[in-house]
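Here's the letter readout for the chains.
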Amino acid sequence: MRILVLGGTWFLGKEIVFGALGRGWEVTTFNRGRSGPDIPGVNAIHGDRTALGDLRRLSAAGPWDAVLDTSSSELPPRDVLLAARALAGQVDRWVHISTVSVYADWPHHPLTEASPLLDCPPDADDTFGFTGPDGSPTKYGFQKAGGERAVSEALGGRVVFLRPGVILGPGEYVGRLPWWLARAARGGRILAPSPAERRIQPVDVRDVAAFALDQAADLSAGGAFNVAHPEGLTFVEFVTACLTATGGAGRPLWAAADDLDRHGVKQWTEMPLWRTHAGVWAVDPSRAVAAGLRCRPLLETIADTWAWLQADGRPVEHPRWAEHGIAPEKEAKILASLSGAN
Ligand SMILES: NC(=O)c1ccc[n+]([C@@H]2O[C@H](COP(=O)([O-])OP(=O)(O)OC[C@H]3O[C@@H](n4cnc5c(N)ncnc54)[C@H](OP(=O)(O)O)[C@@H]3O)[C@@H](O)[C@H]2O)c1
């Protein structure tokens, strides 16, 4: 197999490269050379995917059996369209990493792949879309939905869309699991969102990568796949696993959503992975599971992420890291006002 990874130096793209090399595949990567070093063993081509000249230079290095596009999280549809059109003649099939945010109903209602998508033209620029007052829908979701349409327009049926929810694991730069791990390591009373039995379904980056590579090898199922953990784990299992992994001697205080809201705790960022909308963790991954998605137990993801943080820390400074987690003084104030409640 000969594949082209758009990206390939950062989080998911990097895991896809490691996985492909492990399968003995020939790998070309394409990025600007800013986000990390090239992985030894790849044919690394540097350039900007928003520049037609760079895309033409890249295209000349083809053909490939498959392209895996991991680098379109911040690109408007028209730039996705530019790359898809420039490469369409040099590639058999395209595995496009999209997101659950493309669904109009996320995070309000349970989702399958048949759920309606946000509407965004395939040639939209970066001004298209909006973020609602409660954080849904998101401009990001509109832009990614337009990106899907752009790839379909250029590749027709030779494309598969993977729609992950939250991706965790070693190399995570967003700072969700790293924050919970650091908080557990600090110990003491830990503010946590009740109900403790709420189930969450993030996926391990290595499992998303393996599924993406399976799809690159055989696109026969086609279409779109929700990529979420089929079993997930409960919040209490999550916090306990963070304490176990870090050896932290902490004890959670489970606070009701109303109490957290009253104290102005921001869902999703200040309390990472906590969001009260009914559909946030109700993403049905059964189509992907039937097509071969295998998700490791999340306890392994948590332990391996702590091991990565201990060994490497975070790969590069990333603005999203600082958005996550509650300030210790604010947490202490809330804990003091709630102590005795549970
Ligand atoms: N993280 C999550 O929880 C999550 C959840 C759902 C879906 N997703 C999706 O998963 C995909 C992968 O996300 P990610 O966070 O691993 O990667 P990412 O931030 O989308 O992409 C980073 C990679 O793309 C390259 N890149 C960025 N802009 C480029 C440009 N203009 N030209 C060429 N290369 C460029 C970067 O290298 P250089 O900077 O060196 O160019 C780097 O290798 C994304 O499509 C994202 O939307 C992520």
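The rules behind each value
- Residues numbered from 1 in each chain as written.
- Predicted model: local features only at pLDDT ≥ 70, side-chain atom pairs only at ≥ 80, totals over all residues.
- Heavy atoms only, no water.
- Helix = DSSP H or I, 4+ residues; strand = E, 2+ residues; numbered from the N terminus.
- Buried < 20%, exposed > 50% of the residue type's maximum accessible area, 1.4 Å probe, protein only.
- Lys, Arg positive; Asp, Glu negative; His and termini not counted.
- Salt bridge = Lys/Arg side-chain N within 4 Å of Asp/Glu carboxyl O.
- Contact = heavy atoms within 4.5 Å.
- Pairing = 2+ DSSP bridges.
- Axes fitted to C-alpha atoms, helices over the stretch in contact; angles between N-to-C directions.
- Near = heavy atom within 4 Å.
- Polar contact = N/O pair within 3.5 Å; in protein donor to acceptor, adjacent residues only side chain to side chain.
- 1 Å grid on protein atoms, 1.4 Å probe; cavity = no way out; pocket = protein on both sides within 12 Å on 5 of 7 lines; lining within 4 Å.
- Sits in = over half its atoms within 2 Å of the grid points.
- Nonpolar A, V, L, I, M, F, W, Y, C, P; charged D, E, K, R; others polar.

Asker: I'd love a proper account of the environment of Gly156, names of residues and values included.
Answerer: Position of Gly156 among the secondary structure elements: in the loop between α4 (139-155) and β6 (159-164). Among the residues examined, Gly156 registers a relative accessible area of 38% and is labelled partly exposed. Sequence separation between Gly156 and Trp106 is 50 residues; the distance between their C-alpha atoms is 26 Å.

Asker: Account for the side chain of Asp79, with residues named and values stated.
Answerer: With respect to the secondary-structure elements, Asp79 resides in helix α3 (residues 77-87). We note that Asp79 is buried and unpaired, the nearest opposite charge coming from Arg78 at a distance of 4.7 Å. Not counting chain neighbours up to four residues away, the residues in contact with Asp79 comprise Arg49 and Thr50.

Asker: Can you break down the sheet that holds β6 residue by residue, with the values?
Answerer: Strand order in the open sheet formed by seven strands is β3-β2-β1-β4-β5-β6-β11, and the pairing between neighbours is parallel. Both edges of this open sheet fall to β3 (43-46) and β11 (223-227), since each of them pairs with a single strand only. Sheet twist, expressed as the mean angle between neighbouring strand axes with direction ignored, is 20°. Pairing between strand β5 (residues 91-97) and β6: four bridges, direction parallel. Opposite His96, over in β6, you have Phe161 as the bridge partner. Against the sheet, helix α6 (residues 205-217) engages β1 (2-6), β4 (64-69), β5, β6 and β11, with an angle of about 155° to β5.

Asker: Can you explain the site of the ligand? Please cite residues and give values.
Answerer: The local shell around the ligand holds 28 residues, among which Thr9, Arg34, Ser35, Tyr140 and Tyr173 are the closest. Contact distances for the ligand include 3.0 Å between a nitrogen atom and a side-chain N or O atom of Asp48. Measuring from a nitrogen atom of the ligand, one finds a backbone N or O atom of Arg49 at 3.0 Å. According to the grid-proximity analysis, the pocket containing the ligand is the largest pocket. Only α1 (11-22) and α4 provide two or more residues apiece to the shell around the ligand. Here the shell around the ligand is composed, by residue class, of nine nonpolar, 13 polar and six charged.

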